[in-house]
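A look at the structure
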Amino acid sequence: MSSTSPTVTTQTAQATHATAADGSGFDTDVLVVGAGPTGLLLAGDLATSGLRVTLVERRTTGISNMTRAFAVHARSLEQLDARGLADRLIATGSRLDRMEMFGKVSLDLSQLRSRFPFVLVTPQYEVERALEERARSAGVDIRTGTELRGLRQDADSVTAELAAHISTGSDTGSTGGTGTTAPAAEQTGTEPPTASRTHTLRARYLVGTDGVHSAVRRAIDMPFPGTSVLRSLALADVRLADTPPQTLRLATDGDAFAVVMPFGDGWYRVMGWDRAHQVPDSEPVELDELRSLARRAFGTDYGMHDARWLSRFHSDERQAPSYRVGRVFLAGDAAHVHTPAGGQGMNTGLQDAANLSWKLAAVLHGEAPDPDALLDTYQAERHPVGTQVLRSSGALIRLAIAHTPLQRATRALTTHALGSLRPVATRTIGQVSGIGIGYDRDTRRVPDLKLREGRLYELLRDGRFVLVAPEGTTPTPPPSLPAAPGRLIRATWSNPARRDTLLVRPDGYTAPLH
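Residues numbered from 1 in each chain as written. Predicted model: local features only at pLDDT ≥ 70, side-chain atom pairs only at ≥ 80, totals over all residues. Heavy atoms only, no water.

Tallied over the full model, the rule gives 37 salt bridges. The salt bridge partner of Asp81 is Arg115, with a shortest N-O separation of 3.4 Å. One end of the pair, Asp81, is in helix α2 (residues 74-81); the other, Arg115, is in the loop between β6 (105-108) and β7 (119-121), with 34 residues separating them in the sequence. (Salt bridge = Lys/Arg side-chain N within 4 Å of Asp/Glu carboxyl O. Helix = DSSP H or I, 4+ residues; strand = E, 2+ residues; numbered from the N terminus.)

Here you go:
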């Protein structure tokens with residue numbers, strides 16, 4: 001068990017009700033710092049399992065009206081389906097069944113073996129809204145407007161020092177929250193003036209989901225090695241006079257690139273980069289800048305007008321060496337950050353949360369035969385995935401900005417392989433969508449299955465293991481199963497010809513039967 005010395009961490013909370021310590025002296029079972037998609041999904045899962053959860057967020061206005069992330073991939077939709085949220089979220093956005101790469105090859109997502117063979121384009125705030133409503137209904141104590149100033153931990157608990165911010169003026173807007181890249185100079189409102197008061201909160205575990213500038217990560221003295229890959233990326237949500245193809249389009253001329261993607265409600269996300277125009281993040285973005293980049297990449301700016309949001313940011317590739325220090329965990333952008341290529345940032349964070357939540361729940365409910373061993377599998381399973389996403393998104397962005405003859409030749413070969421070799425395209429689509437990601441030979445993603453009792457992902461909505469067996473059999477679960485007998489769902493194959501047995505974890509991956 002590692003301990004940490006107090007350092008700065010941030011947390012925000014409306015004093016709607018105070019946390020009262022129970023007889024054990026704990027104020028809450030789990031303190032989650034950061035109310036973006038990762039933190040909201042994690043907190044909702046833990047509360048649904050019956051745990052007391054406090055979720056804190058430094059923003060005073062809660063959900064940001066900035067779009068930031070925009071793509072929800074198939075595996076994330078499966079996880080949201082396992083929480084009863086996928087169909088609701090799909091109604092807020094646009095389905096794209098193709099991804100156009102470098103203006104020359106189109107990847108067909110309809111081949112995905114999933115209930116969701118597409119990428120859903122919807123603003124991040126729609127994802128947050130759905131997850132926040134679920135978390136609140138499950139009983140999560142959500143506090144906005146509070147900062148974590150430090151933390152310390154011992155063998156049994158984590159004590160956080162929090163500073164609750166009290167507004168001293170009218171709230172004129174939000175600076176947004178954390179994102180998959182370094183913070184942008186968002187050309188929208190500012191946080192209102194505040195004063196603060198400090199207090200402490202004692203939890204059994206703490207999870208930092210507070211983004212690229214994570215105060216939790218600083219508090220546990222965890223390095224965040226890496227580099228800035230791209231500077232001066234321009235971003236906007238706009239209207240278009242001319243309708244482009246309903247697909248995610250990325251095109252480049254080597255010295256500049258542009259991306260356009262429809263939200264499905266008349267708004268489009270446009271992003272661009274120019275090798276010759278490298279300015280600080282604080283430099284305002286003019287719509288003419290993005291018009292020019294679009295014309296260079298696509299041959300047209302589609303009549304771009306009426307930007308509702310403009311931003312400039314830089315893109316880093318960084319990863320924490322460890323996602324766990326004692327009773328403190330890191331997830332989402334607090335653990336890893338990478339380029340926006342492929343739209344994998346928010347999705348990777350959601351998968352982190354789905355992986356960690358059931359393990360923490362099993363430990364805190366006393367169902368894990370070896371609690372530390374189970375919690376260590378979070379690092380063992382998710383850290384390599386974070387590394388893989390860094391590499392794949394980095395490769396895509398480097399191909400997009402290929403400049404030298406050798407780099408452009410590499411891009412041409414890659415484009416040819418994606419367009420002509422089905423296994424290459426299938427593997428790429430599986431990686432970006434998350435469908436093709438597994439942890440080891442015994443721990444693979446399970447697609448939605450039709451069972452006698454209903455769809456598998458509907459059964460997973462209770463956050464329990466599901467043991468699927470042939471009709472008339474009652475296999476014994478393995479002794480290492482981190483679930484009480486009453487928290488195991490038994491199900492039967494809808495096809496009587498199937499004679500195998502399958503054990504599915506709460507996050508939709510296989511578990512060994514031995």
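Resuming the write-up.
Further remarks concern the sheet that holds strand β3 (residues 71-72). Pairing within the open sheet is antiparallel, and its three strands lie in the order β3-β7-β4. The open sheet terminates on both sides in strands that have one partner only, identified here as β3 and β4 (94-96). Taken together, the three bridges between β4 and β7 define a ladder with antiparallel strand orientation. Across the sheet, the residue bridging to Ser94 is Val121, located in β7. (Pairing = 2+ DSSP bridges.)

Quick look at the confidence of the model for the protein now. Here the protein averages 86 in pLDDT, and 87% of its residues register 70 or above. Note that residues 1-19 has pLDDT below 50 and, in this model, 87 contacts with residues that lie over four places away or in other chains. (pLDDT = per-residue confidence, 0-100. Contact = heavy atoms within 4.5 Å.)

Attention now moves to unusual backbone geometry. Phi is positive for Asp221, which is not a glycine, with a value near 55°. A relative accessible area of 53% means that Asp221 is categorised as exposed. The backbone of Tyr302 sits at a positive phi, close to 55°, despite the residue not being glycine. For Tyr302, the position within the fold is in the loop between α6 (287-298) and β16 (304-319). (Buried < 20%, exposed > 50% of the residue type's maximum accessible area, 1.4 Å probe, protein only.)

Direction vectors running N to C along helix α1 (residues 37-48) and helix α7 (residues 345-364) enclose 25°, while the axes themselves pass 8 Å from each other. In terms of axis orientation, α1 runs roughly parallel to α7. Between α1 and α7 the crossing geometry is right-handed. Across from Pro37, Thr38, Leu41, Leu42, Asp45 and Leu46 in α1, the residues of α7 making contact are Met346, Gly349, Leu350, Ala353, Ala354, Leu356, Ser357, Leu360 and Ala361. Its residues assigned to classes, the contact of α1 with α7 comprises 11 nonpolar, three polar and one charged. (Axes fitted to C-alpha atoms, helices over the stretch in contact; angles between N-to-C directions. Parallel < 35°, antiparallel > 145°, perpendicular 65-115°, else oblique. Left-handed = near helix turned anticlockwise from the far one by under 90°. Nonpolar A, V, L, I, M, F, W, Y, C, P; charged D, E, K, R; others polar.)

A few words now on α2. When you tally the buried positions in α2, you get eight out of eight residues, the bulk of the element. Within α2 the residues assigned to the buried category are Ala74, Arg75, Ser76, Leu77, Glu78, Gln79, Leu80 and Asp81.

Let us look at the nonpolar core. What tends to happen in soluble globular proteins is that the nonpolar side chains get buried as a cluster. With 78 residues, the main nonpolar core has Leu80, Leu151 and Leu206 as its most contacted residues. Element by element, the count of residues in this core is highest for α7, at 10 residues. (Core = buried A, V, L, I, M, F, W, Y, C linked by side-chain atoms within 4.5 Å.)

Moving on: the packing of aromatic side chains. For the structure shown, the criterion picks out eight aromatic pairs. Between Tyr323 and Tyr378, the aromatic rings sit 5.8 Å apart at their centres with planes inclined by 50°, giving tilted as the arrangement. Here Tyr323 is found in the loop between β16 and β17 (324-325), whereas its partner Tyr378 is found in helix α8 (residues 371-400), with 55 residues between them in sequence. Among the aromatic residues, ring-to-ring pairing joins Tyr205, Tyr323, Phe329 and Tyr378 into one connected group. (Phe/Tyr/Trp six-rings, centres within 6.5 Å; stacked < 30°, edge-to-face > 60°.)

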